Amino acid sequence: MADEQTMVQPPTTDQPGKSGAIKKLRWRRRRPGRLFLLLGVLGPGLISAAAGNDAGGIATYSNGGALFGFGLLWVLIPLLIGLIVVQEMCARMGAITQKGLADLIREEFGVRWTAFAMLCLLIANGGIVITEFLGIRASIQVLAGQDTWLVYLAIPLVALGVWWLVMKGSYRRVEKVFLAMALVFLSYIPAAFLAKPDWGQVFYHTVVPTFQFSGVFITMFVATVGTTISPYMPVYTQSAVADKGTRPEEYAYTVVDVTSGSLFGIVTVFFIIVTTGATLFVHGSQGITSAADAARALEPFAGPFAEVLFAVGLFGASVLAAAVLPLSTSYAICEAFGFERGVSRTFKEAPFFQSLFTGMIVFGALIAMIPNLPIISVLVNLQILNAVLMPVLLVFVLKLVNNRRLMGRRVNGRIYNIIAWATTIIISILTGMYIVFQLILPLFGVRVG
């Protein structure tokens, strides 16, 4: 959780008779304060949006590009709009109410609905924790080979290391290292240009929607939505803004944060799809079955070092999220039910918090160690789970953000409500189509695509 920032604002009134030179000096002195204020509130939106480009995100976007070329690019425009609206609503609630989403759900809807919402969050985030340890496994396999005993040694050691760093309060010291490793995925941007795609086709598929009524396309469509707008995002963003103590008068800077964070995440996704479409799809790829397949998309940029570069980025992103997700989930659930929480507390002081955080890490590591696991397939399907559960949290968010008793004049406007409800309904329809096409129809011997 972010530390609270103490902001000291200079006086805003001028004394009569001050010269233009003195006024100019005051303006110059005030500028650094505004800059530090901006830097102080930036973070939650950038972190939560960019965190979608983790192991599950990379697997999903790469597979989409390998299977359908540029055919999924148009999805990114509505996803960007939906992501900005969802993030902004939760950031606004955090700034106005100074409370996390879980806390507000308990206060406004009671314990039963809170239990339902937190169960959905636990399932969704538990699935993401599994994807992070699968990402750690995949990164090791890229470097050391598929059938290596190092996997079964490294995963428990990494899990223990993550637990130790967080519980001993040392994680902040190394967080930037893992974040820097995760930024390796920005190499998809130059890789996309070096792959020399048909930019006319890229532009066409970015602005012209195309849809295939096939099981595979719908699966990738839903997985792309689920990994881009994920249940952890509204919970994390609102809690981070509230914990930071962002005041309503500082809120304009938070809007910059969530907007730039969402844009950063979507731009990265755009270039991942372009790169994999230009390097894998054009050669008749039948999809990605391993992390090594995804790594080959970076060959135009990194050449023989593509696999190493990809593995480093995947490891850094996975370890970063493997610490953040269990921690933020444990905080949210304890907040919802009034349990003691905090990494500085002993097990006797906060038994539920400590048990939940530890249990999520152990569970994710154990699943990731299952032999012969189809990693890419599991990663994609866990993103679909996110899409299935996301509408539940969105309904709670929309009910709360339109509550005038809580938000006053800061409730949603008509356009915001249209976009937010449309996002909720469309995700629900898409997940319904997935369930029909991929789960129900096959029971009757009918397979579509």
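Below or above, wherever it landed, is the structure these notes cover. This one's a predicted model, so the numbers in the text were calculated from it and none came from an experiment. (Residues numbered from 1 in each chain as written. Predicted model: local features only at pLDDT ≥ 70, side-chain atom pairs only at ≥ 80, totals over all residues. Heavy atoms only, no water.)

### Details of the packing of aromatic side chains
And step 1. Counted according to the given criterion, the structure contains 15 aromatic pairs.
And step 2. Pairwise contacts between aromatic rings join Phe 68, Trp 74, Phe 211, Phe 213, Phe 217 and Phe 221 into one cluster.
And step 3. If you follow Lys 168 out to its NZ or CZ, it ends over the ring of Trp 164, 4.9 Å from the centre. (Phe/Tyr/Trp six-rings, centres within 6.5 Å; stacked < 30°, edge-to-face > 60°. Lys NZ or Arg CZ within 6 Å of the ring centre and 35° of its normal.)

### Here's the deal with the pattern of salt bridges
Close approach of charged atoms allows side chains with opposite charge to pair.
And step 1. Enumeration over the complete set of coordinates arrives at 6 salt bridges.
And step 2. Lys 99 is paired through a salt bridge with Glu 107; the nearest N and O atoms lie 2.8 Å apart.
And step 3. Residue classification places Lys 99 among the partly exposed positions, given a relative accessible area of 29%.
And step 4. Judged by its relative accessible area of 38%, Glu 107 falls in the partly exposed class. (Salt bridge = Lys/Arg side-chain N within 4 Å of Asp/Glu carboxyl O. Buried < 20%, exposed > 50% of the residue type's maximum accessible area, 1.4 Å probe, protein only.)

### Concerning the environment of Thr 431
And step 1. Relative to the helices and strands, Thr 431 is located in helix 19 (residues 414-440).
And step 2. Judged by relative accessible area, Thr 431 falls into the buried class, the value being 7%.
And step 3. Linking Thr 431 and Leu 385, residues 46 residues apart in sequence, is a C-alpha distance of 9.0 Å.
And step 4. Among all residues touching Thr 431, those that are not within four sequence positions of it are Val 222, Ala 387 and Val 388. (Helix = DSSP H or I, 4+ residues; strand = E, 2+ residues; numbered from the N terminus. Contact = heavy atoms within 4.5 Å.)

### Points about unusual backbone geometry
And step 1. Phi is positive for Gln 98, which is not a glycine, with a value near 60°.
And step 2. Phi at Asn 372 is positive, roughly 55°, even though this residue is not glycine.
And step 3. Along the chain, the position of Asn 372 falls in the loop between helix 16 (351-368) and helix 17 (375-401).
And step 4. Looking at Asn 372, the relative accessible area reads 73%, which means it is exposed.

### Brief notes about helix 15 (residues 306-337)
And step 1. Across its 32 residues, helix 15 extends 46 Å between first and last C-alpha, which sits within 8% of the 46 Å expected from 1.5 Å per residue.
And step 2. Counting buried positions over the 32 residues of helix 15 gives 25, a clear majority of the element.
And step 3. Taken from the residues just after helix 15, Gly 338 is the one with a positive phi, measuring 80°. (Expected span 1.5 Å × (residues − 1).)

### Points about the packing of helix 5 (residues 101-144) against helix 11 (residues 232-244)
For any two helices packed against each other, the geometry comes down to the angle between their axes and how far apart the axes lie.
And step 1. At their nearest, the axes of helix 5 and helix 11 sit 10 Å apart, and the two run at 125° to each other. Relative to helix 11, the element helix 5 lies oblique. For the pair formed by helix 5 and helix 11, the contact residues are Leu 101, Leu 104, Leu 121, Asn 125 and Ile 128 on the first element and Tyr 232, Pro 234, Val 235, Gln 238 and Ser 239 on the second.
And step 2. Split by residue class, the contact of helix 5 with helix 11 holds 7 nonpolar, 3 polar and no charged. (Axes fitted to C-alpha atoms, helices over the stretch in contact; angles between N-to-C directions. Parallel < 35°, antiparallel > 145°, perpendicular 65-115°, else oblique. Nonpolar A, V, L, I, M, F, W, Y, C, P; charged D, E, K, R; others polar.)

### Observations concerning the environment of Lys 99
And step 1. Within the fold, Lys 99 resides in the loop between helix 4 (76-97) and helix 5.
And step 2. A C-alpha to C-alpha distance of 9.6 Å links Lys 99 and Gly 245, two positions 146 residues apart in sequence.
And step 3. If near-sequence neighbours (up to four positions away) are discounted, Lys 99 is found in contact with Met 93, Gly 94, Leu 104, Glu 107, Gln 238 and Ala 242.
And step 4. A distance of 2.8 Å separates the side chain of Lys 99 from the side chain of Glu 107, its partner in a polar contact. (Polar contact = N/O pair within 3.5 Å; in protein donor to acceptor, adjacent residues only side chain to side chain.)

### Examining the packing of helix 3 (residues 55-68) against helix 17
And step 1. In contact at an axis separation of 9 Å, helix 3 and helix 17 are set at 100° when each is read in the N-to-C sense. For the element pair helix 3 / helix 17, the angle class is roughly perpendicular. Every residue of helix 17 that contacts helix 3 at Ala 55, Gly 56, Ala 59, Thr 60 and Asn 63 is listed here: Ile 376, Leu 379, Val 380 and Gln 383.
And step 2. Considering only residue class, the contact of helix 3 with helix 17 consists of 5 nonpolar, 4 polar and no charged.

### Topic: the side chain of Asn 386
And step 1. Mapping Asn 386 onto the fold places it in helix 17.
And step 2. Apart from residues lying up to four places away in sequence, Asn 386 is in contact with Ala 124, Ile 128, Gly 226, Ser 230 and Pro 231.

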